[in-house]
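# Remarks on the overall topology
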Amino acid sequence: MRQVRGPTIERSSVEARIVPPAAERLKFVAGDADPGAFDRYRSLYSVGSGVEPIEGRFHAELDCLRLDRMMIHGRRLRAVSHRRDAATVRRAELEHFTVTVCLEGTMFGAGAQGYRRIRPGEAWLTDMTRPVQTRIEDARLMTLSIGREVVEAATGNPRALHATIVPAAQAAALTRALVGLADRAPAFVGRATAGEAIGAEAELTRLVGGMLGPPSATDLIRLERLAKARRFIDAHLDSPDLGVEAIAADLNVSRSTAYRLFEPSGGVMRFVQSRRLERLRRLLSERSVDTNLAHLVDLVGFASESHASRLFLNQYGQRPGAFRAGTRAMSDLAMSRVLMSGWLAALQ
């Protein structure tokens, strides 16, 4: 293979490097003995869906693991319905897919065809750009939220997968992997490197592809290059030399190939900028991080505090200082909503 030369990236000479964890975890428990339990659960999910009670004694347990561009929700739910109508779809502006595996219990899902039961072992696929409803009487579930590009690589018509049920035998390998990763979550969070988190995603991507239909050789190469490029970008966000030449050299591809790789994300530098903003947002939301804003901006690779502040305002609707002050004053529930919203935004 032709060798592609590019600039050598060196890390910036900051005294201390603060890197947010490669994986994060959010836990939530609410039962009917608490009169405010359902309202808290509804508030947590208000980012992307409406939640309503159904007949029975409400109960919810959520254990959410965020990797890099995937989220795994382990849930035990009773007497609750989730609904995304057309208005919610437009407001939320989410584009990812979800794969929900029913591990045990009773769950129903509805697209345009009306409600159908998802039996234990089966998987329920939903496209977040389209309306959908789920009804959970009493069930234990595992939901994987994945970037749209993963599903598009596995099938030529991703919209046709919306509100479909995957047979248990076809979903078995993915189910085992999700349950295994959830079981390892306590040890994984706080210890996993960015490479290990992306590696776990690569394995889940492979299993999703196998469940939906193996991706083509071209798509498989593209997904592998994207995973490697993301690892390289995340490891060098603080470098002023991070650009298309350095990324192409690390991938050993031409500049034009690197440009095409990131076209769905708006281009190479648009993707780098979004990663820097996401890294800054995560650092600002860490209540244990008291480093001043100018230093954090330098750590994530922005040229100036004013430039970072302007981009942050455009992306999140607040200046970085206001965002940080707001998170310090938030309740645990409000902070959980901020985390959930940020994790979902990273999937798009």
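Counting starts from 1 at the beginning of each chain's written sequence and moves along it residue by residue. At least 70 in pLDDT is required for a residue's local features to be given in this predicted model, at least 80 for side-chain atom pairs to be given and counted, and no such filter applies to totals for whole chains, interfaces and linings, which use all residues. Water and hydrogen atoms were dropped before computing side-chain values, which therefore reflect all heavy atoms in the structure.

Helix axes are fitted to C-alpha atoms over the stretch in contact, other axes to C-alpha atoms as well, and angles between N-to-C directions run from 0 to 180 degrees. Segments assigned H or I by DSSP are reported as helices when at least four residues long, segments assigned E as strands when at least two residues long, and all are numbered from the N terminus. Relative to each other, helix H10 (residues 268-285) and helix H12 (residues 305-316) sit at 90 degrees, their axes nearing to 10 Å. Relative to H12, the element H10 lies roughly perpendicular. Taken together, the residues of H12 that come into contact with H10 (itself represented by Gln-273, Leu-277, Glu-278, Leu-280, Arg-281 and Leu-284) are Ala-308, Leu-311, Phe-312, Gln-315 and Tyr-316. Classifying every residue of the contact of H10 with H12 by side-chain character gives seven nonpolar, two polar and two charged. Geometric relationships in this document are graded by angle, where less than 35 degrees denotes roughly parallel, more than 145 denotes roughly antiparallel, 65 to 115 denotes roughly perpendicular, and other angles denote oblique. Whether two residues are in contact is decided by their heavy atoms: any pair within 4.5 Å suffices. Throughout, the ten residues Ala, Val, Leu, Ile, Met, Phe, Trp, Tyr, Cys and Pro are labelled nonpolar, Asp, Glu, Lys and Arg are labelled charged, and all others, Gly among them, are labelled polar.

This part is about the pattern of salt bridges. By salt bridge we mean one thing: a side-chain nitrogen of Lys or Arg within 4 Å of a carboxyl oxygen of Asp or Glu. This structure, assessed with the given rule, holds 18 salt bridges. For the salt bridge of Arg-25 with Asp-63, the shortest nitrogen-to-oxygen distance reads 2.6 Å. Pair noted here: Arg-25 is in strand S1 (residues 24-31) and Asp-63 is in strand S3 (residues 59-66), with a separation of 38 residues, a long-range link. Relative accessible area decides the class of each residue, using a 1.4 Å probe on protein chains only: under 20% of the type maximum gives buried, over 50% gives exposed, and in between gives partly exposed. The class of Arg-25 is partly exposed, set by a relative accessible area of 29%. Between Arg-255 and Glu-245 there is a salt bridge, with its nearest N and O atoms 3.1 Å apart.

Further remarks concern the layout of surface pockets. Buriedness of a pocket was judged along seven lines, with at least five required to meet protein on both sides within 12 Å; pockets are open sets of points on a 1 Å grid over the protein atoms alone, cavities are sets where a 1.4 Å probe fits but cannot get out, and lining residues have an atom within 4 Å of a point. Grid points are joined across faces, edges and corners, and a volume is the space filled by probe spheres set on the points. Estimates place the volume of the largest pocket at around 880 Å³. Considering the residues around the largest pocket, the lining is formed by 29 residues, among which Arg-69, Pro-264, Ser-265, Phe-271 and Gln-348 are closest to the centre. If you list the elements that add at least two residues to the lining of the largest pocket, you get helix H3 (148-154), helix H7 (217-235), H10, H12 and helix H14 (332-347). With seven residues, H10 is the single largest residue contributor to the lining of the largest pocket. Each residue belonging to the lining of the largest pocket can be placed in one class, and the counts come to eleven nonpolar, seven polar and eleven charged. A volume near 330 Å³ is recorded for the second largest pocket. Lining the second largest pocket are 21 residues, and of these Asp-63, Gly-74, Arg-75, Met-142 and Ala-182 lie nearest its centre. If you list the elements that add at least two residues to the lining of the second largest pocket, you get S1, S3, strand S4 (70-84), strand S8 (132-146) and helix H4 (168-183). Residues belonging to the lining of the second largest pocket are distributed by class as follows: twelve nonpolar, two polar and seven charged.

It is worth spelling out empty space enclosed by the protein at this point. Think of a ball as big as a water molecule: rolled over the atoms, this probe shows where empty space is left. Scanning the entire structure with this criterion turns up three cavities of 30 Å³ or more. For the largest cavity, the calculated volume is near 400 Å³. Around the largest cavity, the lining is made up of 26 residues, and of these Tyr-45, Arg-75, His-82, Thr-98 and Met-128 lie nearest the centre. Contributing elements (two or more residues each) for the lining of the largest cavity: S4, strand S5 (97-111), strand S7 (123-127), S8 and H14. At six residues, S8 tops the list of elements feeding residues into the lining of the largest cavity.

Turning to the nonpolar core, a few remarks are in order. Residues enter a nonpolar core if they are buried and are Ala, Val, Leu, Ile, Met, Phe, Trp, Tyr or Cys, with the set joined through side-chain atoms within 4.5 Å. Of all hydrophobic cores here, the largest spans 51 residues; its most connected members are Tyr-41, Phe-58, Leu-62, Val-80 and Met-107. Looking at this core, the element that brings in the most residues is H14, giving seven residues. Not counting residues up to four positions away in its chain, the partners in contact with Met-107 are Thr-100, Cys-102, Arg-116, Arg-117, Ile-118, Trp-124, Thr-134, Arg-135, Ile-136, Ala-139 and Leu-141. Membership of the second largest hydrophobic core comes to 31 residues, among which are Leu-67, Phe-97, Val-151 and Ala-154.

On to the environment of Asp-68. Relative to the helices and strands, Asp-68 resides in the loop between S3 and S4. We classify Asp-68 as buried; its relative accessible area is 9%. For the pair Asp-68 and Ser-306, spaced 238 residues apart in sequence, the C-alpha to C-alpha distance is 27 Å. Not counting residues within four places of it along the chain, the set of residues in contact with Asp-68 comprises Ile-198, Glu-201, Arg-230, Asp-234, Arg-275 and Ala-346.

None of this, on its own, says anything about what the molecule does.
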